[in-house]
Amino acid sequence: IEGGIKTNVVPSSCSFTVGHRVQPDYNGNQLEKRFSDMINSVELPPNVSVSIETVLRAEPYLSNPDDQHVQIVKDNAEMISGREFDLIGVRGFSDGRFFSQAGAETLNFGPGDDKTNVHGVDENISLKQVTKAGTAVASSIVDLSREYYR
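Heads up: these notes are all about the structure in this document.

Here is what the cut-offs are and how they apply
- Residues numbered from 1 in each chain as written.
- Predicted model: local features only at pLDDT ≥ 70, side-chain atom pairs only at ≥ 80, totals over all residues.
- Heavy atoms only, no water.
- Helix = DSSP H or I, 4+ residues; strand = E, 2+ residues; numbered from the N terminus.
- Rg over C-alpha atoms; globule rule 2.2 N^0.38 Å.
- Buried < 20%, exposed > 50% of the residue type's maximum accessible area, 1.4 Å probe, protein only.
- Contact = heavy atoms within 4.5 Å.
- Areas by Shrake-Rupley, 256 points an atom, 1.4 Å probe, with all protein chains shown as cover.
- Patch = residues over 30% accessible without salt bridge, like charges linked within 9 Å, V, L, I, M, F, W, Y side chains within 5 Å.
- Salt bridge = Lys/Arg side-chain N within 4 Å of Asp/Glu carboxyl O.
- Expected span 1.5 Å × (residues − 1).
- Polar contact = N/O pair within 3.5 Å; in protein donor to acceptor, adjacent residues only side chain to side chain.
- 1 Å grid on protein atoms, 1.4 Å probe; cavity = no way out; pocket = protein on both sides within 12 Å on 5 of 7 lines; lining within 4 Å.
- Points joined across faces, edges and corners; volume = space filled by probe spheres on them.
- Nonpolar A, V, L, I, M, F, W, Y, C, P; charged D, E, K, R; others polar.

1. A word on the overall build of the protein chain
Across its full length, the protein chain holds four helices and two strands. Along the protein chain, from the amino end to the carboxyl end, the secondary structure elements read β-β-α-α-α-α. Here the protein chain has a C-alpha radius of gyration of 22 Å; the compact-globule value for 150 residues is 15 Å, and the former is much larger. For the protein chain, the spread of C-alpha atoms along the principal axes amounts to about 70 × 35 × 20 Å. Taking all 150 residues of the protein chain together, the buried fraction comes to 13%. A separation threshold of at least 6 residues defines the contact pool for the protein chain, and within that pool the share at least 24 residues apart is 53%. Only carbon and sulfur atoms are counted for the fraction: they give 53% of the accessible area of the protein chain, which is about 12300 Å².

Written out as structure tokens, the structure reads:
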């Protein structure tokens, strides 16, 4: 929230930014309409106006857990790491949205665990995790290539 020049001076204007990750059963248009309807339902004083600007829209997508590509990456990750993985959805967005919107089955995969403190203070990742994830991706590419050229 931004507004005014000091905390004890009534500002002539105020602005705020809302960051929202769209869940897969919504799309950006639905979310924007819902937000706009909520804002427009408020009765404003005569000298107050509101405008809404979309800064970035990233549409959600889901990976099919039964898809062959997803299973190959999962199998390789489990074999290389020596542990089982649950397929889970995550909030946030990535460039994967562009592939998904183009009709490609899309999966986000990479190193990390609950101790890496992703996007937090002291975010970290071990070189061992990076190496294992890279090996799983490389192995998956080989396996997917074999499937493609059968």
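2. A word on a nonpolar patch on the surface
On the surface, Val42, Leu44, Val48, Val50 and Ile52 cluster together to form a nonpolar patch covering roughly 390 Å² of accessible area. With respect to the helices and strands, the residue valine 42 is situated in the loop between helix H1 (28-40) and helix H2 (68-81). Relative accessible area serves as the criterion here: at 48%, valine 42 is assigned to the partly exposed category.

3. A word on H1
Count 3.6 residues to each turn of an α-helix, and residues three or four apart come out pointing the same way. The first and last C-alpha atoms of H1 sit 18 Å apart over 13 residues, in line with the 18 Å expected at 1.5 Å per residue. A side-chain oxygen of the first residue of H1 lies 2.9 Å from the backbone nitrogen of asparagine 29; this N-cap is asparagine 27.

4. Description of unusual backbone geometry
Unlike most non-glycine residues, asparagine 117 shows phi in positive territory, near 55°. Looking at the secondary structure, you find asparagine 117 in the loop between helix H3 (96-101) and helix H4 (127-148). In this structure, histidine 119 is a non-glycine residue whose phi angle is positive, near 60°. Residue position: histidine 119 is located in the loop between H3 and H4.

5. Side note on H2
For H2, built from 14 residues, the straight-helix expectation of 20 Å at 1.5 Å per residue is met to within 8% by its first-to-last C-alpha distance of 20 Å. On its buried side, H2 packs onto H4. Phi turns positive, to about 75°, at glycine 82, one or two residues after H2.

6. Quick look at the layout of surface pockets
Taken as a whole, the second largest pocket spans an internal volume of roughly 230 Å³. Lining the second largest pocket are His69, Val70, Val73, Glu105, Thr106, Leu107, Asn108, Phe109, Val137, Ser140, Ile141 and Leu144. Going through the elements one at a time, H2 and H4 are the ones with two or more residues in the lining of the second largest pocket. If one sorts the elements of the lining of the second largest pocket by residue count, H4 sits on top with four residues. In terms of residue class, the lining of the second largest pocket is made up of seven nonpolar, four polar and one charged.

7. Brief notes about the pattern of salt bridges
Using the criterion set out here, one finds six salt bridges in the structure. Notably, a salt bridge pairs arginine 57 with glutamate 32, separated by 2.6 Å at the nearest N-O pair. Placement of arginine 57 in the loop between H1 and H2 and of glutamate 32 in helix H1 is noted, with a sequence separation of 25 residues between them. By relative accessible area, which is 29% here, glutamate 32 ends up partly exposed. Connected via shared salt-bridge partners are Glu32, Arg57 and Glu59.

Nothing here speaks to function; it is geometry throughout.
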